[in-house]
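If you want the building blocks of each chain, they are given just below.
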Amino acid sequence: MNFTLTEEHIAVQEAAREFAQKELLPGVIERDEEQRFPKEQIRQMGELGFMGMMVDPKHGGGGMDTKSYVLAMEEISKIDASASVCMSVNNSLVCWGIEQYGTEEQKEKYLSRLATGEIIGAFCLSEPEAGSDATSQKTTAIDQGDHYLLNGTKNWITNGNSSSVYIVIAQTDSEKGHRGINALIVERESEGFVVGKKENKMGIRASDTHSLMFTDVKVPKANRIGEDGFGFKFAMSVLNGGRIGIAAQALGIASGAYEFALQYAQERKAFGKELVQHQGIQFKLADMATQIEAARLLCLQAADLKDQGLPYAKQSAMAKLFASQVAMDVTTEAVQVHGGYGYVKEYHVERLMRDAKITQIYEGTSEIQKIVISRELIQ
């Protein structure tokens, strides 16, 4: 892999950094406290091309590679992980899934609007009794000839109340196990679809996380992604790519906390000199920077393999596993570097510490990543 960024990569990185500093940083603490979805900022991200970065330009996307996506995700996540998770789901799970596996009619109807940020999408897999276990779906999609009748509940859905399009994973034939699962595109206006309560979360509090209920929702067969029974393979495929996005989010959270800590250590004095001149603080900063660089290389490696069309399931799981742990470690140390100031909201690092934890949970817990990695190692 060539680790040198191209001029295009650098331009994307700088554009994302500038947007994050100018548009996301002001008000990010208030949005977190009020659990207020960054609707205007997400609209701007769509206009700048961040909501459909890897989508073919003929469908309204940026036509960029996965490395560009990782670089942009890191910069956005340094400031606002609530905005970046919306970006991640729309890019990795919804847009990529429809572009890779959808029909031309589905792409024409949904993809260009999703890629430009005119609308946003949600990916609906988790259930009250089926989180990372996609084979245990209780939501059913019963074949009714020209349509499916969808019934069930989905939990922890990012963009739950702000989406116009939902990709729902449901069981059509339980006797077939994972071969009886389908992926369906459901529109928000569908009769029988209800958005449930918003979750009061520890972190990424401005992101829009809801439960969803489906009661006799009619979904045209034209809205099924792939052949009958393809839903499980679809979910596993998009989750492999989704892990790269979440790894990049974790990387950004860690990197943002490190930058805040470094700036604080250069400005704050103790015992007659700046904190950064104390060896104990220097050691912390050195460890933080080293962990972040290692996580960044894992993210870029997984992205590079994906861009080359090579297998990347193991590397994406490794990147997500390692980067999420780095996010927890670095944000904790960033609070420590700040001392008492790190425990109050205006210095940002306590929010980043809270945001970091979710990266170990969604797109599969750390334990799930280890299962994915081990299966790749022994096959």
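Please refer to the structure placed before this passage.
Keep in mind the model is a prediction, meaning the values are calculated, not measured.

Student: What is the right way to read the overall build of the chain from this model?
Tutor: What the chain contains, in helices and strands, is 11 helices and 10 strands. Computed over the C-alpha atoms, the radius of gyration of the chain is 21 Å, within 12% of the 21 Å expected from 2.2 N^0.38 for a compact globule of 379 residues. Seen along its three principal axes, the alpha-carbon backbone of the chain occupies a region of about 80 × 45 × 35 Å. Split into buried and exposed, the 379 residues of the chain put 56% on the buried side. A sequence separation of at least 24 residues applies to 74% of the contacts in the chain between residues at least 6 apart. A total accessible area of about 16300 Å² is found for the chain, and carbon and sulfur atoms account for 50% of it.

Student: Is there a simple way to explain the packing of helix H7 (residues 231-267) against helix H8 (residues 279-307) in this structure?
Tutor: When two helices pack together, their arrangement is given by the angle between the helix axes and the distance between those axes. As a packed pair, H7 and H8 sit with axes 9 Å apart at the nearest point and diverge in direction by 155 degrees. Considering their axes alone, H7 and H8 lie roughly antiparallel with respect to each other. As for the relative orientation of H7 and H8, their crossing is left-handed in sense. Contacts between H7 and H8 involve Gly-241, Ile-244, Ala-247, Ala-248, Leu-251, Ala-254, Ser-255, Tyr-258, Ala-261, Leu-262 and Ala-265 from the former and Ile-281, Leu-285, Met-288, Ala-289, Ile-292, Ala-295, Arg-296, Cys-299, Ala-302, Ala-303 and Lys-306 from the latter.

Student: Help me out: how do you make sense of the layout of surface pockets in this one?
Tutor: Rolled over the atoms, a probe sized like a water molecule indicates the empty space that remains. Of the volumes computed, that of the second largest pocket is approximately 210 Å³. Phe-37, Lys-39, Ile-42, Arg-43, Gly-117, Glu-118, Ile-119, Ile-120 and Ser-162 together form the lining of the second largest pocket.

Student: It is not clear to me how the pattern of salt bridges should be interpreted in this structure. Could you clarify?
Tutor: Proximity of charged atoms lets side chains of opposite charge pair with each other. Tallying each qualifying case throughout the model produces 23 salt bridges. Glu-34 is the partner of Arg-36 in a salt bridge, and the nearest nitrogen-oxygen pair spans 2.8 Å. On the accessibility criterion, Arg-36 (39% relative accessible area) is partly exposed. In this structure, Glu-350 and Arg-354 form a salt bridge, with 2.9 Å as the shortest nitrogen-oxygen distance. Taken together, the residues span about one helical turn, with Glu-350 and Arg-354 both in helix H10 (residues 349-358) at a distance of four residues. Classification of Glu-350 by relative accessible area gives buried; the value is 12%. Overall, Arg-354 belongs to the buried group, its relative accessible area being 15%. The structure contains a network of salt bridges with shared partners spanning Arg-17, Glu-75, Lys-78 and Glu-259.

Student: Got a minute to help me understand the packing of aromatic side chains in this structure?
Tutor: All told, the structure shown has nine aromatic pairs when counted by the stated rule. Note on Trp-96 and Tyr-101: the rings are 6.1 Å apart at their centroids and 85 degrees apart in plane angle, and the pair reads as edge-to-face. On the basis of relative accessible area, Trp-96 is assigned to the buried category, the value being 12%. We classify Tyr-101 as partly exposed; its relative accessible area is 28%. Aromatic rings pair up to connect Trp-96, Tyr-101, Phe-230 and Phe-234 into one cluster. If you follow Lys-221 out to its NZ or CZ, it ends over the ring of Tyr-148, 5.5 Å from the centre.

What counts as what
Residues numbered from 1 in each chain as written. Predicted model: local features only at pLDDT ≥ 70, side-chain atom pairs only at ≥ 80, totals over all residues. Heavy atoms only, no water. Helix = DSSP H or I, 4+ residues; strand = E, 2+ residues; numbered from the N terminus. Rg over C-alpha atoms; globule rule 2.2 N^0.38 Å. Buried < 20%, exposed > 50% of the residue type's maximum accessible area, 1.4 Å probe, protein only. Contact = heavy atoms within 4.5 Å. Areas by Shrake-Rupley, 256 points an atom, 1.4 Å probe, with all protein chains shown as cover. Axes fitted to C-alpha atoms, helices over the stretch in contact; angles between N-to-C directions. Parallel < 35°, antiparallel > 145°, perpendicular 65-115°, else oblique. Left-handed = near helix turned anticlockwise from the far one by under 90°. 1 Å grid on protein atoms, 1.4 Å probe; cavity = no way out; pocket = protein on both sides within 12 Å on 5 of 7 lines; lining within 4 Å. Points joined across faces, edges and corners; volume = space filled by probe spheres on them. Salt bridge = Lys/Arg side-chain N within 4 Å of Asp/Glu carboxyl O. Phe/Tyr/Trp six-rings, centres within 6.5 Å; stacked < 30°, edge-to-face > 60°. Lys NZ or Arg CZ within 6 Å of the ring centre and 35° of its normal.

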